[in-house]
Amino acid sequence: MKNVLVTGGAGFIGSNFIHYLLQTESDIKVVNYDALTYAGNLDSLADVADDPRYHFIHGNICDEAQVNSALKERQIDTIVHFAAESHVDRSILGPRQFIETNVLGTFTMLEAARAYWIKEKGQLLDRVRFHHVSTDEVFGSLKPGEPAWTEQTPYAPNSPYAASKASSDHLVRAYGHTYGLPYTITNCSNNYGPYQFPEKLIPVIILNALEGKPLPVYGDGQQIRDWLHVEDHCEAIHLVLKKGENGSTYNIGGENQPANLTIVETICDILDEIQPNAAYVPHRRLIQFVTDRPGHDRRYDMDTHKISAELGWRPRHTLKQGLLDTVQWYLSHPEWVAAIRQKQEYKGWMDANYKSR
Ligand code: NAD
Ligand code: TYD
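Residues numbered from 1 in each chain as written. Chains lettered and ligands numbered in written order. Predicted model: local features only at pLDDT ≥ 70, side-chain atom pairs only at ≥ 80, totals over all residues. Heavy atoms only, no water.

Colleague: Explain the overall build of the protein chain to me, using residue names and the numbers behind them.
Modeller: When its secondary structure is counted, the protein chain shows 12 helices and 11 strands. Relative to its length of 357 residues, the protein chain is compact, with a C-alpha radius of gyration of 20 Å against a globular reference of 21 Å. For the C-alpha atoms alone, the extent of the protein chain along its principal axes is close to 65 × 45 × 40 Å. Counting the 357 residues in the protein chain, one finds 55% classified as buried. In the protein chain, 82% of the contacts between residues at least 6 apart in sequence involve partners at least 24 apart. Accessible surface for the protein chain amounts to roughly 15200 Å². Of this, 50% is attributable to carbon and sulfur atoms. In the protein chain, 34 positive and 44 negative side-chain charges are present, and the distance between their average locations comes to 2 Å. (Helix = DSSP H or I, 4+ residues; strand = E, 2+ residues; numbered from the N terminus. Rg over C-alpha atoms; globule rule 2.2 N^0.38 Å. Buried < 20%, exposed > 50% of the residue type's maximum accessible area, 1.4 Å probe, protein only. Contact = heavy atoms within 4.5 Å. Areas by Shrake-Rupley, 256 points an atom, 1.4 Å probe, with all protein chains shown as cover. Lys, Arg positive; Asp, Glu negative; His and termini not counted. Charge placed at Lys NZ, Arg CZ, Asp CG, Glu CD.)

Colleague: Run through the environment of L311, naming residues and quoting values.
Modeller: As for its position among the elements, L311 is in helix α9 (residues 305-311). Take L311: its relative accessible area is 9%, and that puts it in the buried class. Considering only alpha carbons, one finds L311 and D50, 261 residues apart in sequence, at a separation of 33 Å. Those residues within four positions of L311 in sequence are excluded, and the remaining contacts are L239, V240, K243, G244, Y250 and K306.

Colleague: Give me the site of ligand 2: which residues, what numbers.
Modeller: Around ligand 2 sit 15 residues, and of these E137, N190, R293, H296 and Y354 come closest. For ligand 2, an oxygen atom lies 2.8 Å from a polar atom in the side chain of N190. R293 places a side-chain nitrogen or oxygen 2.6 Å from an oxygen atom of ligand 2. Calculation on ligand 2 without its partners gives an accessible area of 520 Å², and the protein chains cover 97% of this total. Of the residues forming the shell around ligand 2, the biggest block, three residues, is contributed by strand β8 (residues 215-218). Of the residues that constitute the shell around ligand 2, the class distribution is six nonpolar, four polar and five charged. (Near = heavy atom within 4 Å. Polar contact = N/O pair within 3.5 Å; in protein donor to acceptor, adjacent residues only side chain to side chain. Nonpolar A, V, L, I, M, F, W, Y, C, P; charged D, E, K, R; others polar.)

Colleague: An account of the packing of helix α2 (residues 64-73) against helix α4 (residues 96-120) is needed here, citing residue identities and associated values.
Modeller: Between α2 and α4, the shortest axis-to-axis distance is 9 Å and the interhelical angle comes to 40 degrees. On the basis of their axis angle, the class for α2 and α4 is oblique. Judged by the twist between their axes, the crossing of α2 over α4 is right-handed. Of the residues in α4, those in contact with E64, V67, N68, L71 and K72 of α2 are T108, M109, E111, A112, A113, Y116 and E120. Here the contact of α2 with α4 is built from residues that sort into six nonpolar, two polar and four charged. (Axes fitted to C-alpha atoms, helices over the stretch in contact; angles between N-to-C directions. Parallel < 35°, antiparallel > 145°, perpendicular 65-115°, else oblique. Left-handed = near helix turned anticlockwise from the far one by under 90°.)

Colleague: Residues and numbers for the nonpolar core, please.
Modeller: Counting 54 residues, the largest nonpolar core has F17, V80, F82, I202, L215, I267 and L323 as its most contacted members. What V80 contacts, discounting residues up to four positions off in sequence, is V4, L5, V6, T7, F17, H131, V133, I237 and L241. Among the nonpolar cores identified, the runner-up in size contains 24 residues, and L71, I79, M109 and V128 belong to it. (Core = buried A, V, L, I, M, F, W, Y, C linked by side-chain atoms within 4.5 Å.)

Colleague: Give a description of the pattern of salt bridges that names residues and reports values.
Modeller: Throughout the structure, instances matching the rule amount to 16 salt bridges. With its nearest N and O atoms 2.7 Å apart, the salt bridge here joins E235 to R316. With a gap of 81 residues between them, E235 in helix α7 (residues 230-243) and R316 in the loop between α9 and α10 (319-331) connect regions that are remote in the sequence. Judged by its relative accessible area of 61%, R316 falls in the exposed class. The closest approach of N and O atoms between R284 and D269, which form a salt bridge, is 2.7 Å. Here the residue R284 occupies a position in the loop between α8 (260-274) and β11 (287-290), and D269 occupies one in helix α8, the gap between them amounting to 15 residues. The class of R284 is partly exposed, set by a relative accessible area of 37%. The exposure class of D269 is partly exposed, given its relative accessible area of 30%. What you see here is one network of salt bridges that share partners, running through R90, E199 and E345. (Salt bridge = Lys/Arg side-chain N within 4 Å of Asp/Glu carboxyl O.)

Colleague: Describe the environment of G11, naming the residues involved and giving the relevant values.
Modeller: In this fold, G11 is placed in the loop between β1 (3-7) and α1 (12-24). The class of G11 is buried, set by a relative accessible area of 15%. Between the C-alpha atom of G11 and that of L36, which follows or precedes it by 25 residues, the distance is 8.3 Å. Setting aside residues up to four positions removed in sequence, G11 forms contacts with D34 and A39.

Colleague: How would you explain the state of the cysteines if you had to name every residue and give the values?
Modeller: Evaluated as defined, the whole model comprises zero disulfides. Its sulfur unpaired, C234 is 9.9 Å from the next cysteine sulfur, which belongs to C188. (Disulfide = S-S within 2.5 Å.)

Colleague: Could you give an account of α4, naming the residues involved and the relevant values?
Modeller: Taking 1.5 Å of rise per residue, the 25 residues of α4 would be expected to cover 36 Å, and the 33 Å separating its terminal C-alpha atoms lies within 8% of that figure. Of all the bends in α4, the greatest measures close to 30 degrees and is centred on R114. (Expected span 1.5 Å × (residues − 1). Bend = angle between axes of the 7 residues up to and from the residue.)

Colleague: Residue-level account of helix α6 (residues 201-210), with values.
Modeller: In terms of burial, α6 is a largely internal element, eight of the 10 residues being buried. Looking one or two places after α6, you find G212, whose phi comes out positive at around 70 degrees.

See below:
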């Protein structure tokens, strides 16, 4: 792993991963390949922009010619593929972009990797890797008492987002099986932490609470996610790149499964504690139940025995500490938040998603 191409490196997890790689590996070159959609933000990488080991390419994963030349020019041996449309609510209101980016974009990345690594440089196959970042949402939804998902659980995606990610996972597997493309896949649960785009649950709640705005909880708030701190996720991906077996998939989860309402209440309590004189204490009074998401998955739970037994990984963050750190991060990065929230695209989305609820 010398020359790594990170797709979607200007997004939430990608930017955290680039920070993690540059901190962990001294002898590495990292290329961030990102189209800078609404979710891409180079401010998240301002501190590494001048690092000689880091290089940014403004490019779309659907642009085969540009991907081909990035791989060749930068002599890429490792692709870590994060780039995607990632928000379930957006996939409900506008699914087409999810098929284009997540399915066709992944297909394009695979074709480019095959062209460069297999057709041109077959002899180096033991030194290259296509790592695909996927989601637990491909498994569908669990009923109360059903066991957690393992790597063997059949796929049953429910949202257009989940279906597009499932399709991309199948394509990656098929390229490994048919063409011998070296790959690994990780399916992770809901991430949270620094640099998360402020339309996902946790930043929406933190930022609305700070401003005394309603805290929107979909349906009864009893949906369960398996919350994973983004730094734990980055550590897991790094381990899979280093030690994961070619052709393997690994589940990554946070070992934290509170209901959404509990997450929201915990954030309110944290804010009450660290800002006891704020105008909106107790923040819980801002909670507002709103119309549910159509087809809303009820419960996710990841069985992470495989990555734990094979690679020795376990999440380090407790949810309480992770949420406290995340609240502190948003409090200490008002410019990062303001730059996003002043954009028309952002305001338009918040209106489209919440006004009719
Ligand atoms: P994000 O939406 O914050 O960032 C996505 C990034 O991809 C952005 O920088 C965007 O500009 C870029 N991008 C989008 N379309 C592109 C294109 N056509 N070409 C090049 N770049 C493009 O996403 P995230 O939350 O960081 O998620 C990263 C990956 O992890 C995704 O594949 C997502 O499916 C997966 N994942 C995320 C979560 C989570 O909780 N955030 C959970 C499970 C899996
Ligand atoms: P989200 O952060 O959009 O992630 P995902 O849909 O990929 O799980 O949402 C997390 C959970 O929070 C999900 O069950 C939907 C719920 N939710 C709300 O209750 N209110 C909100 O305003 C948002 C954005 C999400």
